[in-house]
Amino acid sequence: MEPACKRHFIQDNCLYECSPNLGPWIRQVNQSWRKERILNVPLCKEDCERWWEDCRTSYTCKSNWQKGWNWTSGINECPAGALCRTFESYFPTPAALCEGLWSHSYKVSDYSRGSGRCIQMWFDSAQGNPNEEVARFYAAAMKAEAPSRGILGP
């Protein structure tokens, strides 16, 4: 994997493991190895395009990294018979990469960085975290769409 590509995976992992702003997209799942996951996080289109551009010439053997690996050796290896090809072969478009890689953890947004409507994978923390505004916006929108059940009031 090219270094420029690898840094996107490191940043993706940091966002997933450490961001307090993914709450609106956390879903409960019933899997042996996890109880929750993120789903359809609106990723800013430029971040997805950059990820794809930086990875398109690196190599992989799968289009869905969330499942289907061979773990018999104790580490994840390509499934038997899987062909090692460029990312661009498995992911012909930026959306194919960002949406398919982790089983729709991300959804490529039509919004741009700085819009307050998409999660930025990359930002300068000295300038504040732009994802706080995004999380507040979507949490409020989801709350407004949720049917009232009388549990939390009107």
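Residues numbered from 1 in each chain as written. Predicted model: local features only at pLDDT ≥ 70, side-chain atom pairs only at ≥ 80, totals over all residues. Heavy atoms only, no water.

Undergrad: Tell me what's going on with the overall build of the protein chain, and back it up with residues and numbers.
TA: Broken down by element type, the protein chain carries five helices and six strands. Mapped from its N terminus to its C terminus, the protein chain presents α and β elements in the order α-β-β-β-α-β-β-α-α-β-α. C-alpha extents for the protein chain along the principal axes are approximately 55 × 35 × 25 Å. A burial count over the protein chain gives 33% of its 154 residues as buried. (Helix = DSSP H or I, 4+ residues; strand = E, 2+ residues; numbered from the N terminus. Buried < 20%, exposed > 50% of the residue type's maximum accessible area, 1.4 Å probe, protein only.)

Undergrad: Explain helix 2 (residues 45-55) to me, using residue names and the numbers behind them.
TA: Since there are 3.6 residues in each turn of an α-helix, residues three or four apart along the chain are aligned in direction. Of the positions making up helix 2, those classed as buried are Asp47, Cys48, Trp51, Trp52, Asp54 and Cys55. Looking straight down helix 2, one finds its buried side chains confined to an arc of 170°; they lie on one side. The secondary structure elements touched by the buried residues of helix 2 are helix 1 (3-18), strand 3 (41-43), helix 3 (87-90), helix 4 (94-100) and strand 6 (106-108). (Arc of directions from axis to C-beta. Contact = heavy atoms within 4.5 Å.)

Undergrad: Account for the pattern of salt bridges, naming residues and giving values.
TA: Tallying each qualifying case throughout the model produces five salt bridges. One salt bridge connects Asp54 with Arg50, and the closest N-O pair in it is separated by 2.9 Å. Residue Asp54 and its partner Arg50 are both found in helix 2; the two are separated by four residues, about one turn of the helix. For Arg50, a relative accessible area of 48% translates into the label partly exposed. (Salt bridge = Lys/Arg side-chain N within 4 Å of Asp/Glu carboxyl O.)

Undergrad: I'd like a rundown of the state of the cysteines, residues and numbers included.
TA: Each disulfide consists of one covalent bond between the sulfur atoms belonging to two cysteines. Evaluation of the coordinates by the stated rule reveals four disulfides. Disulfide partner of Cys61: Cys78, at an S-S distance of 1.9 Å. Its torsion about the S-S bond being -100°, the disulfide of Cys61 and Cys78 is classed as left-handed. Within this pair, whereas Cys61 is found in the loop between strand 4 (59-60) and strand 5 (85-86), its partner Cys78 is found in the loop between strand 4 and strand 5, the two being separated by 17 residues in sequence. Counting only the cysteines that form disulfides, in the order they appear in the protein chain, gives the pairing 1-4, 2-8, 3-7, 5-6. Cys18 provides the cysteine sulfur closest to Cys14, a residue in no disulfide bond, and the two sulfurs are 5.6 Å apart. Of the residues examined, Cys14 reaches a relative accessible area of 38% and is grouped as partly exposed. (Disulfide = S-S within 2.5 Å.)

Undergrad: So what's going on with the side chain of Asp47? Residues and values would help.
TA: Secondary-structure assignment places Asp47 in helix 2. Apart from residues lying up to four places away in sequence, Asp47 is in contact with Arg113, Ile119, Gln120, Met121 and Trp122.

Undergrad: Go over the nonpolar core, please, and point to the residues and values.
TA: In this structure, Phe9, Trp51 and Phe87 are the most contacted members of the largest nonpolar core, which totals 26 residues. Elements with a contribution of two residues or more to this core: helix 1, strand 3, helix 2, helix 3, helix 4 and helix 5 (131-145). Not counting residues within four places of it along the chain, the set of residues in contact with Trp51 comprises His8, Phe9, Asp12, Leu43, Leu97, Cys98, Leu101, Trp102, Tyr106 and Met121. (Core = buried A, V, L, I, M, F, W, Y, C linked by side-chain atoms within 4.5 Å.)

Undergrad: Could you give an account of unusual backbone geometry, naming the residues involved and the relevant values?
TA: The backbone phi angle of Ser103 is positive, close to 55°, even though this residue is not glycine. Of note, Ser103 is situated in the loop between helix 4 and strand 6. Judged by relative accessible area, Ser103 falls into the buried class, the value being 15%.

Undergrad: Go over the confidence of the model for the protein chain, please, and point to the residues and values.
TA: On average, residues of the protein chain carry a pLDDT of 90, and 92% of them reach 70 or more. The least confident element of the protein chain, judged by mean pLDDT, is strand 1 (residues 26-31) at 77; the most confident is helix 2 at 98. Counting contacts from residues 150-154, a segment whose pLDDT is below 50, to residues more than four positions away or on other chains yields two contacts. (pLDDT = per-residue confidence, 0-100.)

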